[in-house]
Every structure is written in structure tokens, then in C-alpha cells.
Amino acid sequence: MTLVLGIESSCDETAAALVDGDRRILAQAIASQEAEHAPYGGVVPEIAARAHAERLVPLIDKVLADAGKTLSDCDAIAATAGPGLIGGVMVGLVTGKALAMAEGKPLLAINHLEGHALSPRLADATLEFPYALLLVSGGHCQILRVDGVGRYKRLATTIDDALGEAFDKTAKILGLGYPGGPQVEKLALQGDPEAVALPRPLVGSGEPHFSFAGLKSAVLRAHESGEHSDADIAASFQQAAVDCLIDRLKIALGKMGKLNALVVAGGVAANSVIRAALEQLAASRRLAFTAPPQKLCTDNAAMIAWAGVERLAVGIAPDPLDFSARPRWPLDPQAEPARGAGVKA
Ligand code: KG4
Ligand code: ZN
């Protein structure tokens, strides 16, 4: 039975996990840095890198001990090699390289986005390729067709902010804590989603890309006007986000051909209003709908280990020990950049 150690350190979660070829997560551990970054309202790269360096090795020891395994039981070491905050990525990748070298095990340099893209198959053994994936996190907002391991076609990305970033910025404007997504969702429960007229950027355009910067500015103006309750602003923002997602997905689904399922992954997939809207869209298209459990949606190392298991299963060669950490690493290098886009992966 294949056994892979996964390491994740691309943003503000330090994580290690052991996953086998039977989709069993033998052990996993995550150390969140929320408390360190909370005073700044966002992730501070230098603080993140230092925290990863302090915590990663003890976490790896812990998952091995929890599972009653040693490194020599592992078939490969899978470490996130990008995209992400480069200092943190380097901590995880160099640690993975050192363990691989010391134990004579193959190194698998995993694209963090591939971890998110394949995580639904860790949770759901029946999920077959191809499927449509909405990947919505603090750093990414993409629609992909997942055709197989290593075979991703990106149909859409954001030309400015990721959706999680927009949730976090809205939370900051409303004086809520970080990370903002869960707090905006909670406050929105008490508000009226129709109360504040907010824009739906790019809705109606023929390409399924996203834009959230204008929505965030409108939230700021609504807040400064003093005419609306915070709960109404939160609910109206969330509704605008849902409307954007559904409109953009309809365009993308129209370009994707036959699919087996609609899948959502990434931290924002934890949002229950968004999940419900996606479920409804999938039902209207007679598509199965899958969202991994929340623990697998937000950043974790089980998805990195699982991507390693999937790569081994299809015979993809391990990576050389001089593989460089990549701050940007698109899953689909052939994808056309979105018009007006910055340099986000
Ligand atoms: O995937 P993730 O853990 O890290 C990144 O790779 O970015 O995603 C974190 C993002 C944050 O922006 C957070 O505010 C957002 O996911 N998030 C949510 C919710 N829970 C987390 N956004 C909306 N509603 C939620 N319930
Ligand atoms: Zn992520």
C-alpha cells in the first residue's frame, strides 16, 4: 500500500499528513498562524516563514508518531513547491528535500493548486474525471476543468483580487477579525442581502473571469456613507459574490463539454450560502456536486500527500532534489491571461 508524507507551508498554515493509497488519512496535524497575523489583518510573509521554520519538523514528528510509522515506511515525500509566499514554500520544500535525501526516498514537488484540485477525490472515491472545479481561496479564484492527474485546463481566473481576499477586506472594513470569511458569513445571517446596491463586476461578459476589487471599493463606500447596518452590508456583499460566482460558472460550464461533476474547493468553499447556490446550479445542470469536508477545503497537508499518491499511481516521475520553489506556478501554463490581469498565478 502506497504511503506518502505530505508537507504544506505555502501560506499561513504549517501542516504535515500521512495519506495512503486507500484514501486513508493515517494522521495529520495543522498549526495555524492566525493569531500571529491577526493584528495585521492579513498574512505577513516574514512572520509566516519564521513560524513555519519553527513548527514544521515537530509537526512531522507528531504525524509519524500518531500513525505509528517512520520515514522509512513512506514511499515518497510530497512537499508544496509553490505557488505561495516564497519564504514559507522554501521552508517546506527544503525540509522535504532533506528528508527525501536522508532516507533515500523520492521527492514529489507538488503544486499547491493541484493539491486543492485533487482533494475532492481524496474525500470521494466515486468522483471521476473530468470535473469542473471552482477553486476559491484567499489567494486564488479560478475555474478549471480537471481532466486527469496533471491535466488541468484553466477557463477563468481573477483579474484582481481573489474571492477570499474580498471577504477578508470586507471584514476589515466592517471591523471584524481575520480571517474574515467566516465572520462575514456569520454577520450576514442578520442582514438583508438586497439592502445595499452593490456591483457585480464582469457579470454578463462572455469570458468567465472574475473581478472583485470594485466590489470591495463599493463596500467601503457603503460603509463610509453611514446609511447601512454592517449586517446589511455583509449580507449584500455575500449575495453579490454569489451572483458573480454563479454567472461566471454558467459561462464556464458552457465551454467545458461533458462533465461528471461540479466541485468546489479552497477556503471559501466553507461558506454555506455559496455551497447552497452551487448545489442548486449543479442540480439544474444534472451534475453531481461535491465539496470536500471543510478540513480538506482550507489549506492542509493531506491534500498535498494525496496529490503525491495520485502522481505515483499514474506513474509520474519524482522530482529532482534541485527543484526550485516557485512563487508563481499556474496549473495550466497554456491558459490565456485574463485581460487586464496582473501577474497572479
Ligand atoms: O484555502 P485557504 O485556507 O488558504 C488559501 O490558500 O488562501 O483559504 C482561506 C480563505 C480566507 O480568505 C478566508 O477568509 C476564506 O478562505 N474563508 C471563507 C470562509 N471560511 C474561510 N470565506 C467565506 N466564507 C467562509 N465561511
Ligand atoms: Zn490554498
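Residue numbering note: each chain is counted from 1, following its sequence as written. Naming scheme: in the order in which they are written, chains are lettered from A and ligands are numbered from 1. For this predicted model, a pLDDT threshold of at least 70 governs which residues receive local features, and a threshold of 80 or more governs which side-chain atom pairs are given and counted, while totals over whole chains, interfaces and linings are taken from all residues. Note that the side-chain values use all heavy atoms of the structure and ignore hydrogens as well as water.

Visitor: I'd like to hear about the domain arrangement of the protein, residue by residue, with values.
Guide: Domain ranges listed in this record stem from an automatic or a database domain assignment. By domain assignment, the protein separates into domain 1 (3-117 + 296-313) and domain 2 (127-291). Placing the centre of domain 1 and that of domain 2 at their C-alpha centroids yields a distance of 27 Å. Throughout, the accessible surface (probe 1.4 Å) given up by two parts as they are put together, summed over both, is called the buried area. Approximately 1400 Å² of surface area, both sides summed, lies buried where domain 1 meets domain 2, with 66% of it carried by carbon and sulfur atoms. By the criterion of area lost to domain 2, the three top residues of domain 1 are Leu113, Ala117 and Cys297, representing 38% of everything that side buries.

Visitor: Would you mind going over the nonpolar core in detail, with residue names and values included?
Guide: Judged by nonpolar contacts, the single largest core of 53 residues is most densely connected at Leu134 and Leu163. Residues are treated as being in contact if the distance between any of their heavy atoms lies within 4.5 Å. Those residues in contact with Leu134 that sit more than four places away from it in its chain are Gln142, Ile143, Phe210, Leu245, Leu249, Val263, Val264, Ala265 and Leu278. Residues Ala15, Ala78, Leu113 and Leu331 belong to the second largest nonpolar core, which totals 33 residues. In plain words, nonpolar cores are sets of buried Ala, Val, Leu, Ile, Met, Phe, Trp, Tyr and Cys residues tied together by side-chain atoms within 4.5 Å. Working definition: with a 1.4 Å probe on protein chains only, accessible area under 20% of the residue-type maximum means buried, over 50% means exposed, and in between means partly exposed.

Visitor: Before we move on, can you summarise the pairing of strand 8 (residues 151-156) with the specific residues and values?
Guide: DSSP calls a pair of strands paired once it identifies at least 2 bridges connecting them. A run of H or I in DSSP counts as a helix once it spans at least four residues, and a run of E counts as a strand once it spans at least two, with each numbered from the N terminus. In terms of strand pairing, strand 7 (residues 141-148) meets strand 8 through five bridges, oriented antiparallel. Its bridge partner lying in strand 8, Arg145 is registered against Lys153.

Visitor: Would you mind going over the coordination of the zinc ion (ligand 2) in detail, with residue names and values included?
Guide: Taken together, the protein donors to the zinc ion (ligand 2) comprise His112 (NE2), His116 (NE2) and Asp299 (OD), at separations of 2.1 to 2.2 Å. Viewed at the metal, the four donor atoms of the zinc ion (ligand 2) are separated by angles of 92 to 147°, and the geometry they form is irregular. Metal coordination here is assigned from N, O and S atoms located within 2.8 Å of the ion, or within 3.2 Å for Na, K and Ca; omission of water means that sites may look incomplete. Square planar and octahedral assignments, for four and six donors respectively, both demand that opposite donors be over 155 degrees apart and that all other angles lie between 65 and 115; tetrahedral needs four donors with all angles between 85 and 135 degrees, and anything else is irregular.

Visitor: Can you lay out the site of ligand 1 for me, pointing to particular residues and giving the numbers?
Guide: For each residue, the test is whether any non-hydrogen atom lies within 4 Å of the molecule or strand; if one does, the residue is near. Neighbouring residues of ligand 1: 21 residues in total, closest Gly138, Asp168, Gly181, Glu185 and Gly267. A 3.5 Å cut-off defines polar contacts: any pair of N or O atoms within that distance qualifies, except that in protein one atom must be a possible hydrogen donor and the other a possible acceptor, and neighbouring residues in sequence count only when both atoms are side-chain atoms. Contact distances for ligand 1 include 3.3 Å between an oxygen atom and a backbone N or O atom of Gly139. Contact distances for ligand 1 include 3.0 Å between an oxygen atom and a backbone N or O atom of Gly267. Every element with two or more residues in the shell around ligand 1 is listed here: helix 4 (112-123), helix 5 (163-173) and helix 6 (180-188). Considering every element that reaches the shell around ligand 1, the biggest residue donor is helix 6, with four residues. Under the convention adopted here, Pro, Cys and the residues Ala, Val, Leu, Ile, Met, Phe, Trp and Tyr are nonpolar, Asp, Glu, Lys and Arg are charged, and Gly plus all remaining residues are polar. Class assignment for the residues of the shell around ligand 1 results in six nonpolar, 12 polar and three charged. Split by domain, the shell around ligand 1 shows at least three residues from each of two domains, domain 1 (3-117 + 296-313) and domain 2 (127-291).

Visitor: Requested: an account of the packing of aromatic side chains, with residues and values cited.
Guide: In this analysis, rings of Phe, Tyr and Trp, with Trp reduced to its six-membered ring, are considered paired at centre separations within 6.5 Å, and the interplanar angle assigns stacked below 30 degrees, edge-to-face beyond 60, and tilted for intermediate values. In the structure shown here, the tally under the stated rule is four aromatic pairs. When the centroid spacing of 5.9 Å and the interplanar angle of 20° are considered together, the rings of Phe210 and Phe212 count as stacked. Phe210 sits in the buried class, given a relative accessible area of 1%. According to the relative accessible area criterion, Phe212 is buried, its value standing at 0%. Summarising the aromatic geometry, the rings of Phe323 and Trp329 are spaced 5.7 Å apart at their centres and angled 40° between planes, so their arrangement reads as tilted. Of the two residues, Phe323 and Trp329, neither departs from the other in class, the shared state being buried. Any Lys NZ or Arg CZ that is within 6 Å of a ring centre and within 35 degrees of that ring's normal is treated as a charge sitting over the ring. Stacked on the ring of Trp329, the Lys or Arg Arg326 has its end atom at 4.5 Å from the ring centre.

Visitor: An account of the packing of helix 6 against helix 8 (residues 230-254) is needed here, citing residue identities and associated values.
Guide: In contact at an axis separation of 8 Å, helix 6 and helix 8 are set at 110° when each is read in the N-to-C sense. Taken together, the axis directions place helix 6 and helix 8 in an arrangement best described as roughly perpendicular. Remark: the crossing between helix 6 and helix 8 carries left-handed chirality. On helix 8, the residues touching Val184, Glu185, Leu187 and Ala188 of helix 6 are Asp230, Ala231, Ala234, Ala235, Phe237 and Gln238. Of the residues contributing to the contact of helix 6 with helix 8, the split by class is seven nonpolar, one polar and two charged. To get an axis, fit a line to the C-alpha atoms, keeping to the stretch in contact for a helix; angles then go from 0 to 180 degrees between the N-to-C directions. Oblique is the label for any angle not under 35 degrees, not over 145, and not in the 65 to 115 range, which are roughly parallel, roughly antiparallel and roughly perpendicular in turn. Two helices cross in a left-handed way if the nearer one is turned anticlockwise from the farther one by less than a right angle. They cross in a right-handed way if the turn is clockwise.

Visitor: Can you break down the pattern of salt bridges residue by residue, with the values?
Guide: Here, a salt bridge means any side-chain nitrogen of Lys or Arg that lies within 4 Å of a carboxyl oxygen of Asp or Glu. A complete count under the given rule lists 12 salt bridges for this structure. Between Glu36 and Arg55 there is a salt bridge, and its shortest N-O distance comes to 2.3 Å. Note that Glu36 is positioned in helix 1 (residues 34-37) and Arg55 in helix 2 (residues 45-67), a separation of 19 residues in sequence. Judged by its relative accessible area of 26%, Glu36 is partly exposed. Linking Glu207 and Lys255 is a salt bridge whose minimum nitrogen-to-oxygen distance equals 3.6 Å. Of this pair, Glu207 sits in the loop between helix 6 and helix 7 (213-225) while Lys255 sits in the loop between helix 8 and strand 9 (261-265), placing them 48 residues apart in sequence. In this structure Glu207 comes out as partly exposed when scored by relative accessible area, which is 43%. You can call Lys255 partly exposed: its relative accessible area is 42%. Beyond isolated ion pairs, a larger network of salt bridges with shared partners links Asp161, Glu165 and Lys169.

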